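Residues per chain, in single letters:
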Amino acid sequence: MTRTAQSPYTNEQTTAWLRGLLTLAWADGQFDQTEQEKIVSVTHELLGIDTDVSTLEPISAHELAATLGKGTKTADDFLKTAVMVALADGVYSVCEDDLLHQFCQALDLNDQVLKSLRHTLEDLEAAQAQTGSGILKPTEGHQLDVLHPVKHWLDDWDVNDPKVAHFICKMIPPQCPFERDVTLFGRKIVHIPPMCKINPLYEQLVGLRFRALSYLADDCSEDISKYI
């Protein structure tokens, strides 16, 4: 017998959630065709209707908090997806960081992850200044990991909502992505070849996608073959 899991989020909350992600995607001015197609696909999946993303207006941090609630699990789940979207293309900009901090403050959430990311970037800039080049060469015994706080945050993400699970499965590709440059605050940090094992978020994203797939298959009894 197929069980249908009901999402705890209302249509109003889901729409606000998507508007928040779109606002973030537009923040750095790099909303390319691939990102648009993903958002359109996710919008259709979550809302159940064909929606032109151009009709969804940006949302303010205040309006987002009024809809999702302050200090709630819904707000925390939204922030996790927002961080994932911000880092998905390997580029984390100042605009995205500022907006995430606005969202975090309005939603009354702990911003330690975002603060740690900022502090780590400051350490990176200092280390690069010492080397006198754009290539970071950490000293022995000191491995600088700019995404360390985010890794633990994503590892602790318990997927228990079908809409969010579908979002994760659509946003995280089933196969290794192409090579890319990871850029943080306008500075090239590292070049990632098409070898997923050295992608800084590889294990976390694969683990998160697996948990989402398992939830849809085991708890929701859904056919996940389209995601495999």
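Reference entry: report on the structure contained in this document. Note that the coordinates shown come from a computational prediction; the quantities given were computed from them, not determined experimentally.

The rules behind these values
- Residues numbered from 1 in each chain as written.
- Predicted model: local features only at pLDDT ≥ 70, side-chain atom pairs only at ≥ 80, totals over all residues.
- Heavy atoms only, no water.
- Helix = DSSP H or I, 4+ residues; strand = E, 2+ residues; numbered from the N terminus.
- Phe/Tyr/Trp six-rings, centres within 6.5 Å; stacked < 30°, edge-to-face > 60°.
- Buried < 20%, exposed > 50% of the residue type's maximum accessible area, 1.4 Å probe, protein only.
- Core = buried A, V, L, I, M, F, W, Y, C linked by side-chain atoms within 4.5 Å.
- Salt bridge = Lys/Arg side-chain N within 4 Å of Asp/Glu carboxyl O.
- Axes fitted to C-alpha atoms, helices over the stretch in contact; angles between N-to-C directions.
- Parallel < 35°, antiparallel > 145°, perpendicular 65-115°, else oblique.
- Left-handed = near helix turned anticlockwise from the far one by under 90°.
- Contact = heavy atoms within 4.5 Å.
- Nonpolar A, V, L, I, M, F, W, Y, C, P; charged D, E, K, R; others polar.
- Polar contact = N/O pair within 3.5 Å; in protein donor to acceptor, adjacent residues only side chain to side chain.
- Arc of directions from axis to C-beta.

On to the environment of D98, then. Within the secondary structure layout, D98 lies in helix 5 (residues 94-106). Taking the C-alpha atoms as reference points, D98 and L114, 16 residues apart in sequence, are found 9.8 Å from one another.

A word on the packing of aromatic side chains. Aromatic ring pairs: the centre-centre distance and the angle between the two ring planes describe each pair. Under the criterion given, the structure shown has 2 aromatic pairs. A ring pair is formed by W17 and F78, whose centres lie 6.0 Å apart and whose planes are at 85 degrees; its orientation type is edge-to-face. Of this pair, W17 sits in helix 1 (residues 11-27) while F78 sits in helix 4 (residues 73-88); the two residues are 61 residues apart in sequence, bridging distant segments of the chain. The exposure class of W17 is buried, given its relative accessible area of 6%. Since its relative accessible area comes to 0%, F78 is described here as buried. Centre to centre, the rings of F78 and F103 are 5.6 Å apart; their planes meet at 70 degrees, and the pair counts as edge-to-face. Placement of F78 in helix 4 and of F103 in helix 5 is noted, with a sequence separation of 25 residues between them. Of the two residues examined, F78 and F103, each falls in the buried class.

This next bit is on the nonpolar core. By size, the foremost hydrophobic cluster in this structure holds 48 residues, and its most contacted members are L64, F78, L100, L107, I168, L208 and L216. Every element with two or more residues in this core is listed here: helix 1, helix 3 (61-68), helix 4, helix 5, helix 6 (112-131), helix 7 (148-155), helix 8 (162-171) and helix 9 (202-219). Among the elements that make up this core, the one with the highest residue count is helix 4 (8 residues).

Let us now look at the pattern of salt bridges. According to the stated counting rule, one finds 4 salt bridges in the structure shown. Residue K73 is joined to D77 by a salt bridge in which the shortest nitrogen-to-oxygen separation is 2.8 Å. One end of the pair is K73 and the other is D77, both in helix 4 and 4 residues apart, which spans about a single turn. Between D111 and K115 there is a salt bridge, and its shortest N-O distance comes to 3.8 Å. Judged by relative accessible area, which is 22%, D111 ranks as partly exposed.

Packing of helix 8 against helix 9 leaves a shortest axis separation of 9 Å and a crossing angle of 135 degrees. Between helix 8 and helix 9, the angle is such that the two are oblique. Pair helix 8 / helix 9 crosses with left-handed handedness. From helix 8, P162, A165, H166, I168 and C169 reach across to helix 9, where they touch L208, R209, A212, L213, Y215 and L216. When grouped by side-chain class, the residues that make up the contact of helix 8 with helix 9 number 9 nonpolar, 1 polar and 1 charged.

The next point concerns the environment of K170. Structurally, the position occupied by K170 is in helix 8. In this structure K170 comes out as partly exposed when scored by relative accessible area, which is 25%. When the C-alpha atoms of K170 and K226 are compared, they prove to be 10.0 Å apart, with 56 residues separating the residues in sequence.

Along the chain, the position of Q13 falls in helix 1. There is a polar contact of 3.0 Å between the side chain of Q13 and the backbone nitrogen of T10. If near-sequence neighbours (up to four positions away) are discounted, Q13 is found in contact with P8, T67 and L68.

Attention now goes to helix 3. When we look at burial in helix 3, the residues that qualify are A61, L64, A65, T67 and L68. Buried residues of helix 3, seen end-on, are gathered within an arc of 165 degrees and therefore sit on one face of the element. Set apart from the buried face of helix 3 by more than 90 degrees, the exposed residues are H62 and A66. Phi turns positive, to about 95 degrees, at G69, one or two residues after helix 3.

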